[in-house]
Amino acid sequence: MRVLRVAALVAAANAFVAPLAARRPVAVRGAPEDAADAKIDSFVKDNKVMLFMKGTKIFPQCGFSNMAVQILNAIGADFETCDVLSDDFIRQQIKVYSDWPTIPQLYVDGEFVGGSDIMLEMYQAGELQEMIEVAAAS
Amino acid sequence: MLRLAVSRNAGALLRRTAPPRVRLLSTPSEAMEAKLRDELDAVNVTVEDVSGGCGAMYKAYVESPRFVGLGVVKQHKLVQGVLKAEIAEMHGFTLKTAKPRGD
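Residues numbered from 1 in each chain as written. Chains lettered and ligands numbered in written order. Predicted model: local features only at pLDDT ≥ 70, side-chain atom pairs only at ≥ 80, totals over all residues. Heavy atoms only, no water.

In the nomenclature of an unreviewed UniProt entry, chain B is known as Bola-like protein of Pelagomonas calceolata. Turning to chain B, the UniProt annotation filed under Sequence similarities (unreviewed entry) states: "Belongs to the BolA/IbaG family." (UniProt positions renumbered as here; feature names shortened; annotations may be inferred.)

By the naming in an unreviewed UniProt entry, chain A is Glutaredoxin domain-containing protein, taken from Pelagomonas calceolata.

Structure representation (structure tokens):
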């Protein structure tokens, strides 16, 4: 009888603990991604011209990011940057957020514009200057 | 007559012992070009290894009738969708898309 009661107790304790244990890793895994999403969101919404890049404006750490900075400098755009190399969660999450597999990524007025290839194409066509002027004036 | 028979046998022997013809494995560039042709009906497509040999950077040009009516971001996304796994492994991927001339 006593043995049975102990067994029942153990079963009850397992029933209580197991779901908790199962739930915890999910929460731990989800949190940094949500936090990264929220950070990206505020970067994009708070800055009219926002560039996610590898390295900084002064010291870009990839040729494509460098080109993106050079283009924005040539336009004379007032832009903010986020160095994805300094935050691994943002580095991974920005690809999901934008549904775009590469970095740099440009946002103007909260909208995804493209990567460095598209930036160059638009710059050469005079479209990027126009888009940024319109955003700056709004 | 005898010589002919011998040479015929030699031919048969050679055929039997020669290794089976193996289709050369395509390069990653060629494999990506083939995928783009298959999945996007790309008419003009080149994928070039610009890494200097390590295979971490590719430059692509894709011309597809599927791009008609799409903005450049959507055109790039179509290509990225086809090469999703490959691009994830690369350091850099640079792309130019175009609609076939005449469309």
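Alright, that's what it looks like, and here's the rest.
Details of the packing of helix α2 (residues 63-75) of chain A against helix α5 (residues 127-137) of chain A
Residue and element names in this part refer to chain A. Orientation of α2 relative to α5, taken along the N-to-C sense of each, is 65 degrees, at an axis distance of 10 Å. By the angle between their directions, the pair α2 and α5 is classed as roughly perpendicular. Crossing angle aside, the handedness with which α2 passes α5 is right-handed. Facing Ile71, Leu72 and Ile75 of α2, the residues of α5 in contact are Leu128, Gln129 and Ile132. (Axes fitted to C-alpha atoms, helices over the stretch in contact; angles between N-to-C directions. Helix = DSSP H or I, 4+ residues; strand = E, 2+ residues; numbered from the N terminus. Parallel < 35°, antiparallel > 145°, perpendicular 65-115°, else oblique. Left-handed = near helix turned anticlockwise from the far one by under 90°. Contact = heavy atoms within 4.5 Å.)

Details of the interface of chain B and chain A
Facing 13 residues of chain B, the contacting portion of chain A comprises 13 residues. Across the chain B/chain A interface, buried area totals approximately 1100 Å², and carbon plus sulfur atoms make up 63% of it. Taken together, the links from chain B to chain A amount to one salt bridge. Between B:Lys77 and A:Asp99 there is a salt bridge, with its nearest N and O atoms 3.9 Å apart. Counting residues per element, the ones that place at least two in the side of chain B that touches chain A are α3 (72-82) and β3 (92-98) of chain B. Of the residues that constitute the side of chain B that touches chain A, the class distribution is six nonpolar, five polar and two charged. (Buried area = accessible area lost by both parts, 1.4 Å probe. Salt bridge = Lys/Arg side-chain N within 4 Å of Asp/Glu carboxyl O. Nonpolar A, V, L, I, M, F, W, Y, C, P; charged D, E, K, R; others polar.)

Notes on the packing of aromatic side chains
One pair of aromatic rings is described through two measures. These are the centre distance and the angle between the planes. Residue and element names in this part refer to chain A. In the structure shown here, the tally under the stated rule is five aromatic pairs over all chains. Here the aromatic rings of phenylalanine 52 and tyrosine 107 are separated by 6.0 Å at their centres, their planes lie at 80 degrees, and the arrangement is edge-to-face. In this pair, phenylalanine 52 sits in strand β1 (residues 49-53) while tyrosine 107 sits in strand β3 (residues 105-108), placing the two residues 55 residues apart along the sequence. Each member of the pair phenylalanine 52 and tyrosine 107 is classed as buried. Ring geometry for tyrosine 107 and phenylalanine 112: centres 5.5 Å apart, planes at 65 degrees, overall edge-to-face. The class of tyrosine 107 is buried, set by a relative accessible area of 4%. A relative accessible area of 19% means that phenylalanine 112 is categorised as buried. One aromatic cluster in this structure is built from Phe43, Phe52, Tyr97, Trp100, Tyr107 and Phe112. (Phe/Tyr/Trp six-rings, centres within 6.5 Å; stacked < 30°, edge-to-face > 60°. Buried < 20%, exposed > 50% of the residue type's maximum accessible area, 1.4 Å probe, protein only.)

A closer look at the sheet that holds β3(A)
Residue and element names in this part refer to chain A. A sheet is described by the order of its strands in space; here four strands give the open sequence β2-β1-β3-β4, paired in mixed fashion. Strands with a single pairing partner mark the edges of an open sheet, and in this sheet they are β2 (80-83) and β4 (111-114). Between one strand axis and the next, the sheet turns by 25 degrees as a mean value, whatever way the strands run. Alignment of β1 against β3, held across four bridges, turns out to be antiparallel. Paired with methionine 50 across the bridge in β3 is tyrosine 107. Lying over the sheet, α5 contacts β1, β3 and β4, oriented at roughly 45 degrees with respect to β3. (Pairing = 2+ DSSP bridges.)

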